[in-house]
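Residue-level structural notes
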Amino acid sequence: DVKVTQSSRYLVKRTGEKVFLECVQDMDHENMFWYRQDPGLGLRLIYFSYDVKMKEKGDIPEGYSVSREKKERFSLILESASTNQTSMYLCASRAQGGYTFGSGTRLTVV
Amino acid sequence: RKEVEQDPGPFNVPEGATVAFNCTYSNSASQSFFWYRQDCRKEPKLLMSVYSSGNEDGRFTAQLNRASQYISLLIRDSKLSDSATYLCVAELNTGFQKLVFGTGTRLLVSP
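A brief report on the enclosed structure follows. Source: prediction; values computed, not measured.

**Concerning the interface of chain A and chain B**
- Tallying the contact residues gives 23 residues for chain A and 18 residues for chain B.
- Buried area between chain A and chain B, summed over both chains or domains, comes out near 1,700 Å², and the portion from carbon and sulfur atoms is 54%.
- Of all residues in chain A, L43, Y99 and F101 of chain A bury the most surface against chain B, accounting for 30% of the area lost on that side.
- For the pair chain A and chain B, the interface holds two salt bridges.
- The closest approach of N and O atoms between E91 of chain B and R94 of chain A, which form a salt bridge, is 2.8 Å.
- Taken together, the links from chain A to chain B amount to seven residue pairs in polar contact (both at pLDDT 80 or more).
- Looking at the side of chain A that touches chain B, the elements that each hand over two or more residues are β5 (32-38), β6 (42-51), β10 (87-95) and β11 (98-101) of chain A.

Here's what the structure looks like:
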């Protein structure tokens with residue numbers, strides 16, 4: 001089974017901090033994604049990557065950037081965290097037949 | 001208008017009941033469709049893919065109507081363990097493949 005691992009389950013950060021969320025998959029998948037999930041809004045795509053060093057903006061990229069230096073690792077960066085970025089962040093990896101999600105990082109910005 | 005729309009529920013049903021969820025999508029470029037299940041405070045997990053011919057996996061049946069841009073999920077003989085949020089998902093291919101999620105339908109199965 002594909003394993004997608006997110007480095008932190010819970011994070012609390014201060015407004016203005018630079019925040020790194022890490023995601024690692026173990027199946028050599030090319031396509032990886034970052035979503036955020038908020039009540040009533042569902043999952044919204046922030047950024048995705050289809051290969052090393054390649055990235056594409058999703059639907060809500062403002063305030064975020066990403067890094068894909070190695071195939072297995074896709075990092076989400078909050079350049080200057082704000083309270084409206086408090087959310088559940090989910091990383092996903094795509095394979096034939098579906099997507100596998102990491103267990104999520106619940107980020108609180110205070 | 002949301003690209004994928006679902007009734008948020010909750011649907012409250014007794015054990016053993018049959019329950020159906022519906023979903024509509026607006027982007028005709030949507031190519032593949034899925035139902036995901038999400039338990040409280042957990043990540044979404046693939047329940048099943050949805051095909052035009054309809055497909056069944058045990059107590060679960062999924063249907064796709066491309067003409068009406070409509071997807072359904074039928075759960076027969078509901079179990080307590082079916083209580084979860086069910087996410088309707090469309091995969092778009094606009095040069096890159098990406099998933100678009102509905103906000104989910106919450107199901108509560110009671111004894």
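**Brief notes about the state of the cysteines**
- Scanning all chains against the criterion turns up two disulfides over all chains.
- The disulfide partner of C23 of chain A is C91 of chain A, and the gap between their sulfur atoms is 1.9 Å. Residues C23 of chain A and C91 of chain A are joined by a disulfide whose S-S torsion is about -75°; by sign, that bridge is left-handed. With C23 of chain A in strand β4 (residues 23-25) and C91 of chain A in strand β10, the pair connects residues that are 68 residues apart, well separated along the chain.
- In this structure C91 of chain A comes out as buried when scored by relative accessible area, which is 0%.
- Here C23 of chain B connects covalently by a disulfide to C88 of chain B, the sulfurs 1.9 Å from one another. Torsion about the S-S bond of the C23 of chain B and C88 of chain B cystine: about -80°, corresponding to left-handed handedness. In this pair, C23 of chain B is assigned in strand β3 (residues 19-25) and C88 of chain B in strand β9 (residues 84-93), connecting sequence segments 65 residues apart.
- On the basis of relative accessible area, C23 of chain B is assigned to the buried category, the value being 1%.

**A word on the sheet that holds β3 of chain B**
All names here are of chain B.
- One open sheet accounts for five strands, arranged β1-β3-β8-β7-β6; its pairing is antiparallel. If you trace the sheet from one side to the other, it starts and ends with β1 (4-6) and β6 (55-57), each paired once. On average, adjacent strands in this sheet sit at an angle of 20° to one another, irrespective of strand direction.
- For β3 and strand β8 (residues 70-75), the ladder comprises six bridges, and the chain directions are antiparallel. Counted as the bridge partner of T24 is Y70 from β8.

**Considerations on the pattern of salt bridges**
- The final tally for this structure, using the stated rule, is 12 salt bridges over all chains.
- As a salt-bridge pair, D38 of chain A and R36 of chain A come within 2.8 Å of each other at their nearest N and O atoms. A single burial state applies to D38 of chain A and to R36 of chain A, both of which are buried.
- Measuring nitrogen to oxygen at the nearest pair gives 2.8 Å for the salt bridge that ties D82 of chain B to R59 of chain B. Pair noted here: D82 of chain B is in the loop between β8 and β9 and R59 of chain B is in the loop between β6 and β7 (60-65), with a separation of 23 residues, a long-range link.
- Judged by relative accessible area, which is 2%, D82 of chain B ranks as buried.
- Three or more residues joined by partner-sharing salt bridges are found here, namely R36, D38 and R44 of chain A.

Calculation notes
- Residues numbered from 1 in each chain as written.
- Chains lettered and ligands numbered in written order.
- Predicted model: local features only at pLDDT ≥ 70, side-chain atom pairs only at ≥ 80, totals over all residues.
- Heavy atoms only, no water.
- Contact = heavy atoms within 4.5 Å.
- Buried area = accessible area lost by both parts, 1.4 Å probe.
- Salt bridge = Lys/Arg side-chain N within 4 Å of Asp/Glu carboxyl O.
- Polar contact = N/O pair within 3.5 Å; in protein donor to acceptor, adjacent residues only side chain to side chain.
- Helix = DSSP H or I, 4+ residues; strand = E, 2+ residues; numbered from the N terminus.
- Disulfide = S-S within 2.5 Å.
- Buried < 20%, exposed > 50% of the residue type's maximum accessible area, 1.4 Å probe, protein only.
- Pairing = 2+ DSSP bridges.
- Axes fitted to C-alpha atoms, helices over the stretch in contact; angles between N-to-C directions.

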